[in-house]
Amino acid sequence: MDSVKAFFHMGGYALYVWGSFGVTALLMVAEPVALARQRKAMIRRLRRLIRLESEYSS
Amino acid sequence: MFDVFFAILRRDLLLAMRRRTDVFTTLFFFVIVVSLFPLGIGPELNTLRLIAPGVFWVAALLASMLALEKLFLVDYQDGALEQMLLAPQPLSLLVLGKVAAHWLITGLPLVLLSPLLGLQYDLPGETIEVLLLTLLLGTPALSLIGSIGAALTLGLRGGGVLVSLLVLPLYIPVLIFGAGAVEAQASGLGGGGHLFMLGAMGLAALVVAPLATSAALRVSAE
Amino acid sequence: MSSRILNWFKFASPATFYPLAGTIGRAAAAVAVVLLAVGLYMSFFVAPTDYKQGEGYRIIFVHVPAAWMSMFIYVVMAFWAATGLVFRTRLSFMMARALAPTGALMTFIALWTGAFWGKPMWGAWWVWDARLTSELILFFLYVGYIALQGAIPDVRRGDRAGAILLLVGVVNIPIIYFSVKWWNTLHQGASVSITKGSSMAAVMLETMLIMTFAFWAYAIAVAMARVRLIILERERDTRWVSELPEVAG
């Protein structure tokens, strides 16, 4: 059990190591998630554009 | 071919003399910024002497950037810029003429005034001399590099702030060697090496900047 | 001879590049996930403790790859800018735009981890070390490019103005780096540079390289996803977009 505690303690550098890895992981997850959300919004917008055009032309 | 350079130079100086206030706004901006620091940091002469090179150079940087926005804007708005783009002579020559005029209006007065302000910071004679020399060598490079930013942000909303964002990182080497030369001289090391670097950067800017600026003008103005 | 050149240019058209970017993006994403998993495992469990800096040195496995990527991405953006200006291919400008946010992100990570590493090793959150300072200036260059792109409504002008700024920036990067290095050694007393005191054990170097390739694959995956977004945005009123499965479906 204590090896897990020692792992997170990181030889006293816990704040610095987990501060660095944590923020890096956070950002490298946030960016793809943001892109996925933007993609969904873009496709919704494109669909609306097409629907508008079809209604307009018919 | 070169008479177009002098034509543009003469025209811009003439225009500037008609709106004389512009010349003085940049100059007084420089004076005020330089005089602010003692008020902020305290009148203690030793510290003032220490910070003087940095203060002068940052103030010169900001002053030359302040006047950049109007470099091409007036011609752009009244259509003179389009004529310049169509001129048979190389555009970089016309740009050089405009930048030279910009330097004479904003850069040179700073250089001539800095000795007077140097006394405010109780700088010894030789340090003022080197400060004068570095500003003389450095401010043309600032105007040249700044003209690229001015051309890129021509006619944009909030162009003034944007120019500073684009151009300040590119000013940093000039700042480092300009202020460094004065400091090196003051600490007895002698500012020679720095001055050569400053001169080299000025010449490099003289060659590269007009090309980039004319390319940017063609992109922005059409 | 001419047919081969024609093929090469085939991918310059957004319509043909769009599906290709999808496949490259998915492949790169898979590679990135695998390499990150391996790299992270090695950074914590395989790489030995550093005799001088203890466990704290493990930050290097994130700091150095991010710093390398931040500089590499800027040069790649400048390459795309030059290609776009020379060949007048709009897609090259789109690639430069797609890379900018990721490059800025990598620079921020490099600065953040640099500060978190500097605090235990040098006792201060920010030290005016030559490399950290140059990284900060590189961050300003990224912000400047993104701000310029944002400020220009007209797409065509935005592309070309951004390209010129990138080329001017990339020419200045070595000048900035050497003048900051000169400035740093001038004030040597001010800071101690990140000396690799302990010679890098082989496994430490391997871990760092794996992490670097992981970051590289990540950047490609994200750039491809974003360039697809930019293509959809710019080609929104074309027929081929309306017939895309995800749109028409």
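Basis of the calculations
Residues numbered from 1 in each chain as written. Chains lettered and ligands numbered in written order. Predicted model: local features only at pLDDT ≥ 70, side-chain atom pairs only at ≥ 80, totals over all residues. Heavy atoms only, no water. Helix = DSSP H or I, 4+ residues; strand = E, 2+ residues; numbered from the N terminus. Rg over C-alpha atoms; globule rule 2.2 N^0.38 Å. Buried < 20%, exposed > 50% of the residue type's maximum accessible area, 1.4 Å probe, protein only. Areas by Shrake-Rupley, 256 points an atom, 1.4 Å probe, with all protein chains shown as cover. Lys, Arg positive; Asp, Glu negative; His and termini not counted. Charge placed at Lys NZ, Arg CZ, Asp CG, Glu CD. Contact = heavy atoms within 4.5 Å. Buried area = accessible area lost by both parts, 1.4 Å probe. Polar contact = N/O pair within 3.5 Å; in protein donor to acceptor, adjacent residues only side chain to side chain. Salt bridge = Lys/Arg side-chain N within 4 Å of Asp/Glu carboxyl O. Nonpolar A, V, L, I, M, F, W, Y, C, P; charged D, E, K, R; others polar. Axes fitted to C-alpha atoms, helices over the stretch in contact; angles between N-to-C directions. Parallel < 35°, antiparallel > 145°, perpendicular 65-115°, else oblique. Left-handed = near helix turned anticlockwise from the far one by under 90°. Phe/Tyr/Trp six-rings, centres within 6.5 Å; stacked < 30°, edge-to-face > 60°. Lys NZ or Arg CZ within 6 Å of the ring centre and 35° of its normal.

J.: Mind laying out the overall build of chain A, listing which residues take part and the relevant values?
T.: Each helix and strand counted, chain A has 2 helices and 0 strands in total. Taken over the C-alpha trace, chain A has a radius of gyration of 23 Å; the compact-globule value for 58 residues is 10 Å, which it surpasses by more than 25%. Out of the 58 residues in chain A, the part that is buried amounts to 28%. Taken as a whole, chain A presents about 4,100 Å² of accessible surface, with 68% of it coming from carbon and sulfur. A gap of 4 Å separates the mean positions of the 9 positive and 4 negative side-chain charges of chain A.

J.: How would you summarise the interface of chain B and chain C if you had to cite specific residues and measurements?
T.: Facing 25 residues of chain B, the contacting portion of chain C comprises 26 residues. Across the chain B/chain C interface, buried area totals approximately 2,200 Å², and carbon plus sulfur atoms make up 80% of it. Per-residue buried area on chain B facing chain C is highest for Leu152, Leu170 and Val219 of chain B; these three make up 23% of the total on that side. Across the chain B-chain C interface, the total number found is 2 residue pairs in polar contact (both at pLDDT 80 or more). Listed by contribution, the elements that provide at least two residues to the side of chain B that touches chain C are α7 (125-152), α8 (159-186) and α9 (192-221) of chain B.

J.: Give me the interface of chain A and chain C: which residues, what numbers.
T.: Contact residues are listed per partner, giving 27 residues for chain A and 40 residues for chain C. Taken together, the two surfaces of chain A and chain C that pack against each other cover about 3,000 Å², and 77% of this comes from carbon and sulfur. The interface formed by chain A and chain C includes 3 salt bridges. One salt bridge in this structure joins arginine 45 of chain A and glutamate 233 of chain C, with 3.2 Å as the shortest N-O distance. For the pair chain A and chain C, the number of links is 9 residue pairs in polar contact (both at pLDDT 80 or more). No other element matches the 23 residues that helix α2 (residues 14-57) of chain A contributes to the side of chain A that touches chain C. Of the residues in the side of chain A that touches chain C, the class split is 18 nonpolar, 5 polar and 4 charged.

J.: Talk me through the pattern of salt bridges; I want residue IDs and the actual numbers.
T.: Considering all chains together, one arrives at 15 salt bridges over all chains under this definition. Residue glutamate 243 of chain C is joined to arginine 239 of chain C by a salt bridge in which the shortest nitrogen-to-oxygen separation is 2.4 Å. Through salt bridges with shared partners, a single network forms among Arg11, Asp12, Asp75 and Lys98 of chain B.

J.: How would you sum up the packing of helix α4 (residues 90-122) of chain C against helix α7 (residues 202-234) of chain C? Please name residues and give values.
T.: Residues and elements named next belong to chain C. Two numbers describe how α4 lies on α7: the axes approach to 8 Å, and their chain directions differ by 130 degrees. Classified by the angle their axes make, α4 and α7 are oblique. Between α4 and α7 lies a crossing whose hand is right-handed. Facing Arg90, Leu91, Met94, Met95, Arg97, Ala98, Leu99, Pro101, Thr102, Leu105 and Met106 of α4, the residues of α7 in contact are Phe215, Tyr218, Ala219, Val222, Ala223, Met224, Arg226, Val227, Ile230, Ile231 and Arg234. Class assignment of the residues belonging to the contact of α4 with α7 gives a composition of 17 nonpolar, 1 polar and 4 charged.

J.: Describe the environment of valine 182 of chain B, with residues and values.
T.: Checked against the element boundaries, valine 182 of chain B lands in helix α8. Residue contacts for valine 182 of chain B: discarding those within four places in its chain leaves Pro53, Thr127, Val130, Leu131 and Thr134 of chain B.

J.: Go over the packing of aromatic side chains with me, naming the residues and quoting the values.
T.: A full pass over the atoms with the stated rule returns 26 aromatic pairs over all chains. The interplanar angle of 15 degrees and the centroid separation of 5.3 Å between the aromatic rings of phenylalanine 7 of chain A and phenylalanine 45 of chain C together place this pair among those described as stacked. Here phenylalanine 45 of chain C lies in helix α2 (residues 14-46) and phenylalanine 7 of chain A lies in helix α1 (residues 2-9), a pairing that spans two chains. In this structure phenylalanine 7 of chain A comes out as partly exposed when scored by relative accessible area, which is 23%. Clustering of aromatic rings is evident, with ring pairs tying together Phe7, Phe8, Trp18 and Phe21 of chain A together with Tyr41, Phe44 and Phe45 of chain C. If you follow arginine 228 of chain C out to its NZ or CZ, it ends over the ring of tyrosine 18 of chain C, 4.3 Å from the centre.

J.: Would you mind going over the packing of helix α1 (residues 3-18) of chain B against helix α6 (residues 91-120) of chain B in detail, with residue names and values included?
T.: A pair of packed helices is characterised by two quantities: the angle between their axes and the separation of those axes. Residue and element names in this part refer to chain B. Where α1 contacts α6, the axes come no closer than 8 Å and their chain directions differ by 35 degrees. As for the relative orientation of α1 and α6, their crossing is right-handed in sense. On the side of α1, the interface is formed by Val4, Phe5, Ile8, Leu9, Arg11, Asp12, Leu13 and Ala16, while α6 contributes Leu93, Leu94, Leu96, Gly97, Lys98, Ala100, Ala101, Leu104 and Ile105. In terms of residue class, the contact of α1 with α6 is built from 13 nonpolar, 1 polar and 3 charged.

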